[in-house]
Amino acid sequence: MKSRFTNIKNINIIILLIIAFLISFSNNYDSSFDEFEETSRARGNLLREHVQISSSFIKSMSIYGNLFFENEYVIDNKYLSLLTYEEKTNTFSLDSIKGTQHEKETGNITGIGQIPEEGMVRNEINLALQYNKFFSSHFEKYPDVAWLYYTSNNNFINIFPWVSSKDFKYSENLKTVEFFKVANPENNPTRKIIWTSAYVDHAGKGLMVTLSAPVYDDDTFKGVVSLDLTNEWLNNIINSNYESYLVDKTDTILATSSKSMSSDQIHKIYDLSEVSKNYVETMKTYEKETVHRLGGYYFYSASFDDTPWNLFIRVPVWRIAVEALVATFPIIVISLLLLISIQQVDERKKSELAVKKEKELFKTTLFSINEGIIVTDSKGKITLMNNIAEQRTGWKKQQAYGQDFQNVFNSVNVNTGLKSKNPVNYVLETKENFDFEQNTALISNSGSEIYIRGSAAGIISDDKSIAGVVVSFKDMTVEYEQEKEIEEFLNMNLDMLCVTDTGGIFHRINKKFEDVLGYKAEDLDGKSIFSFMHTENADKSAVNIADEKHIPSDFISRFLCRDGSYKFLEWHTQTSIGKYIYYSARDITEKVATEKKLREDAFKDQLTGINNRRLFDTIIDNEIDMSEKSNKPLSMILLDLDNFKIVNDTYGHLVGDEILRQSAQTVSSIIRKSDIFVRYGGEEFVILMSQTSEDGAVLLAEKIRAALEEKKFTVAGRQTASFGVAVRMKGESFEDWYQRLDKALYKAKESGRNKVVAASSMK
């Protein structure tokens, strides 16, 4: 009986071991799978952050360049005077700063020809030199960037960091290299920022890709501003324990974890990996940002905004299984010991299991939060940290556990450069929660820096004492950089500048915007930019701004000022990375008024003040077209003052001019507002009447004839006129219509003058 009981017990233990093995294997398999997914997502997110930062920087440089050329006056940069011209080679450079402090502050500018004394090319050289302060600032934060440079269509280049012209200088063939070609008007008519495919660097830094954006002066292409990333740097970004490939739209490899790829040769993904082209195309069809199985592999793929790139990370399914199996064997031993212990101390085990469940629940909760989490004990020693905290601090969990919090979490105030207050010590000493101050940066173990926002709170035990501290923090680098970009944009102070979110709600404005329109920033808080724009644009070809759906990059609209008046503003918009739109504006109210007066003067007869023939030639085709489409009659009267040459010969041109003026006034007082009255030439006038039959036109002509006949002029006495009238026939050209009208006028002259003759009466 005892033996039988023992056998049953052993069978139960074996069944429990098998169950434990299966559960452990499943958990370890899931854990290995999750680690692959988390690592892949982390590599993708890290690359995405750098892509966004690079795109934001180059886009702001393009905006800055476009706005720079709108300056009416440009002050020479301090480095311009240090440029030297070499007559023998007909080139210029900034080689003179070699060995000086300036070498660290600016790039080298090299070009063909003499240094211009004035004009647009000199202004463009000033822009290139002005770029250096932005290049140096960006390079200081991201030293892994290979080159930052501006290449002019006017035959010069400014490249940062500084390199001697003996090692690299401008040549005409640079305009045929990918970084310039992709951004020029022929290949980039929409003026976007563009990534090149991989190519070998002309300055000797191996395989690289370039982000380029064009710079324009209105519609004149000036040059290209660029940022280079090396293949080696991209390799480090995506490198992991898994097979990784970063490729462009042509499947050219930009970066890889493979050690067999040459640093100065271009490869396709099929050249280095054991996959076919069809396999790669199939991977592209799967949903991004998640793990899928294809054949004997798990793979993760990601794409990136503003780039033609795809990231593929693979791991064999068997490797996940083997890792799970290896991790499971120790669990079997532990499970066996636990089962034996259960038999010996059942009650204690129940208690331990309850505690374990609580801990597991606590860990699961912390590790599911999308923030960095670090937990310390009451002495400030680290007892727990999640994967995000591990990535951001650069410390592995095994290294961090037991360390003082301050040793692992190295934070500084970016404004002062001083070490930030220790949040753990603060909570332990004051028993109060702690919020990180603004402009706090976390420096990882590898030296990289991110901007963070977060808090710390105490873990309260049953006796109300603090048993430890939980610190949570979030990476705010992208938001910080965007606000900094906005600040730099507004501080350029060239024009009226404002920034809205993508829904048009005001975010920031500069002082010039306040000065021109009279608003303060608080007046516009929470309001839409579209609510201030008049629905009728000055530029009729522009999209109606009132629909707020498709904002053109350039348009003109009337804008409501604080005093209730409207100003005409000429706008330029630029969409940023993220949730903001950049606007620059210029007050053109006086310009619009001047142009309107010029247009009116251009179509006005200077002697009589009525419309001239230029206006008539401009509108006649449209009037005919509307008459055809509406099937409504269109009539015309041609009148000519009788014997007017005799008046000029007898009394002189001054008297003749006065008769023309007064005759025009008489006709203007009789015709309708919708009628178009034109001095067609000399003493000949035309009246164009829409929706009017020939009979109606004859009645009007008779009324005008009688009014002119009754009028007596001071010197010349009575002045009559003859009239020809014709309605346009369906499909008739203007030339044929006018010829019939002219014949009717000739008939009126021939039959004694001071008469009205309709063209239809001559059939």
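Residues numbered from 1 in each chain as written. Predicted model: local features only at pLDDT ≥ 70, side-chain atom pairs only at ≥ 80, totals over all residues. Heavy atoms only, no water.

Some details on the overall build of the chain
For the record, the criterion: Numbering of helices and strands runs from the N terminus; a helix is a DSSP stretch of H or I covering at least four residues, while a strand is a stretch of E covering at least two. Any pair of residues with heavy atoms lying within 4.5 Å of one another is described as a contacting pair. The Shrake-Rupley method, run with a 1.4 Å probe sphere, supplies the accessible areas, and residue values consider only the shown protein chains as cover.
Across its full length, the chain holds 22 helices and 34 strands. Within the chain, contacts between residues at least 6 apart in sequence are counted, and of these 56% link residues at least 24 apart. Surface exposure of the chain reaches about 39500 Å², of which carbon and sulfur atoms provide 51%.

Considerations on a nonpolar patch on the surface
Here is the rule we go by: Patch criteria: residues need more than 30% relative accessible area and no salt bridge. Like-charged residues are merged within 9 Å; nonpolar side chains of Val, Leu, Ile, Met, Phe, Trp and Tyr are merged within 5 Å. What counts as a salt bridge is simple: a side-chain nitrogen of Lys or Arg found within 4 Å of a carboxyl oxygen of Asp or Glu. Working definition: with a 1.4 Å probe on protein chains only, accessible area under 20% of the residue-type maximum means buried, over 50% means exposed, and in between means partly exposed.
On the surface, Ile11, Ile15, Ile19 and Ile23 cluster together into a nonpolar patch covering about 350 Å² of accessible area. Within the element layout of this structure, Ile11 appears in helix α1 (residues 2-68). A relative accessible area of 47% places Ile11 in the partly exposed class.

Things to note about helix α21 (residues 694-710)
Side chains that are three or four residues apart share a direction in an α-helix, a result of its 3.6 residues per turn. Cut-off, in case you're wondering: To estimate the expected span of a helix, count its residues, drop one, and scale the result by 1.5 Å. Each direction from the helix axis to a C-beta atom contributes to the arc, which is the arc of those directions.
If you check α21, its first and last C-alpha atoms are 24 Å apart, about what 17 residues at 1.5 Å a residue would give, namely 24 Å. Every buried residue of α21 is accounted for by Glu694, Ala697, Leu700, Ala701, Ile704, Arg705 and Leu708. Projected down its long axis, α21 shows its buried positions confined to an angular sector of 140°, all on one face. In α21, those exposed residues whose orientation departs by more than 90 degrees from the buried face are Asp695, Leu699, Lys703 and Glu710. Lining the buried residues of α21 we find β28 (634-641), α20 (653-670), β30 (684-690), β33 (721-727) and β34 (756-758).

Description of the pairing of strand β14 (residues 310-316)
So the rule is basically this: One requirement defines pairing of two strands: DSSP has to find at least two bridges between them.
With respect to burial, β14 is a largely interior element, 7 of its 7 residues being buried. Because side chains alternate across β14, one face comprises the buried residues Asn310, Phe312, Arg314 and Pro316, and the other comprises Leu311, Ile313 and Val315, equally buried. In this sheet, β14 lies alongside strand β10 (residues 243-247) in antiparallel orientation, the contact comprising 5 bridges. Looking across to β14, one finds that Tyr245 is bridged to Phe312. Two strands pair when backbone bridges link them, and strand β13 (residues 297-303) and β14 are joined in this way by 7 bridges, in the antiparallel orientation.

Details of the nonpolar core
Heads up, the rule is: What is meant by a nonpolar core is a set of buried Ala, Val, Leu, Ile, Met, Phe, Trp, Tyr and Cys residues, joined one to another through side-chain atoms within 4.5 Å.
One finds Leu47, Ile109, Tyr131, Val225, Leu234, Leu246 and Trp309 to be the most contacted residues of the largest nonpolar core, which totals 63 residues. The biggest single contributor to this core is α1, with 10 residues. Filtering out sequence-adjacent residues up to four positions away, Trp309 remains in contact with Leu47, Val51, Trp195, Val209, Leu246, Val247, Asp248, Leu254, Ala302, Ser303 and Phe304. In terms of nonpolar packing, the next biggest core, distinct from the first, is built from 29 residues, Leu607, Leu641, Ala701 and Val725 among them.

Quick word on the pattern of salt bridges
Summed over all chains, the structure comprises 29 salt bridges. One salt bridge connects Asp523 with Arg562, and the closest N-O pair in it is separated by 3.1 Å. Of this pair, Asp523 sits in helix α16 (residues 521-524) while Arg562 sits in the loop between β24 (554-560) and β25 (566-575), and the two are 39 residues apart along the sequence. Exposure remark for Arg562: the relative accessible area of 55% places this residue in the exposed category. Notably, a salt bridge pairs Asp605 with Arg679, separated by 3.4 Å at the nearest N-O pair. Of this pair, Asp605 sits in the loop between α17 (589-602) and β27 (611-612) while Arg679 sits in strand β29 (residues 676-681), and the two are 74 residues apart along the sequence. Taking the relative accessible area as the measure of exposure, Asp605 reaches 14% and is therefore buried.

Section: the sheet that holds strand β23 (residues 506-509)
Note the following rule: Angles here are taken between N-to-C directions and fall from 0 to 180 degrees, while the axes themselves are lines fitted to C-alpha atoms, restricted in helices to the stretch in contact.
As summarised here, the arrangement of the 5 strands in space is β23-β22-β26-β25-β24, forming an open sheet in which the pairing is antiparallel. The two strands at the open ends of the sheet, each matched to only one other strand, are β23 and β24. Averaged over all pairs of adjacent strands, the angle between their axes in this sheet comes to 30°, without regard to strand direction. By the bridge criterion, 7 bridges tie β24 to β25 in an arrangement that is antiparallel. The partner of Ser557 across the bridge, within β25, is Leu569.

Some remarks on a negative patch on the surface
Keep this limit in mind: In this count, Lys and Arg are taken as positive residues and Asp and Glu as negative ones, while His and the chain termini are left out. For the purpose of locating charges, the reference atoms are NZ of Lys, CZ of Arg, CG of Asp and CD of Glu.
Taken together, the side chains of Asp30, Asp34, Glu35 and Glu38 present a region of like negative charge at the surface. Relative to the helices and strands, Glu35 resides in helix α1. Under the relative-accessibility criterion, Glu35 is labelled partly exposed at 44%.

Notes on the sheet that holds strand β11 (residues 253-256)
Working definition: the strands of a sheet are paired by backbone hydrogen bonds and lie parallel or antiparallel to each other. In space, the 5 strands of this open sheet follow the order β11-β10-β14-β13-β12, with antiparallel pairing throughout. The open sheet has two edge strands, β11 and β12 (291-294), and neither has a second partner. Strand-to-strand twist of the sheet, defined as the mean angle between neighbouring strand axes without regard to direction, takes the value 25°. Strands β10, β11 and β14 of the sheet are contacted by helix α5 (residues 231-238), whose axis makes an angle of about 50° with β11. Strand contacts of helix α7 (residues 277-285): β12, β13 and β14, with the helix running at about 110° to β14, the strand carrying the most contacts.

Focus: the environment of Asn407
One can find Asn407 in helix α12 (residues 405-408). Asn407 sits 38 residues away from Asn445 along the chain, and the two C-alpha atoms are 9.7 Å apart.

Focus: empty space enclosed by the protein
Put simply, the rule is: Cavities and pockets are found on a 1 Å grid laid over the protein atoms alone: a cavity is a set of points where a 1.4 Å probe fits but cannot escape, a pocket is an open set with protein on both sides within 12 Å along at least five of seven lines, and a lining residue has an atom within 4 Å of such a point. Grid points are joined across faces, edges and corners, and a volume is the space filled by probe spheres set on the points. When residue character is reported, Ala, Val, Leu, Ile, Met, Phe, Trp, Tyr, Cys and Pro are called nonpolar, Asp, Glu, Lys and Arg charged, and the others, Gly included, polar.
Scanning the entire structure with this criterion turns up 2 cavities of 30 Å³ or more. Here the largest cavity is characterised by a volume of approximately 100 Å³. Lining the largest cavity are 13 residues; nearest its centre among them are Tyr149, Phe168, Phe179, Asp201 and Asp228. If you list the elements that add at least two residues to the lining of the largest cavity, you get β4 (147-152) and β5 (156-160). Residue classes in the lining of the largest cavity are distributed as 10 nonpolar, 1 polar and 2 charged. Empty space within the second largest cavity amounts to approximately 30 Å³. Surrounding the second largest cavity, His50, Ile53, Ser54, His138, Tyr142, Val145, Leu229 and Trp233 form its lining.

Here we look at the layout of surface pockets
Here the second largest pocket is characterised by a volume of approximately 620 Å³. Thr190, Arg191, Lys192, Ile193 and Ile194 are the residues nearest the centre of the second largest pocket, which is lined by 29 residues in total. For the lining of the second largest pocket, the secondary-structure elements that each account for two or more residues are α1, β6 (194-195), β8 (207-217) and β25. Ranked by residue count, the leading element in the lining of the second largest pocket is β25, at 4 residues. Along the lines of polarity and charge, the residues of the lining of the second largest pocket split into 8 nonpolar, 13 polar and 8 charged.

Everything listed is a geometric property; what it means functionally is a separate question.
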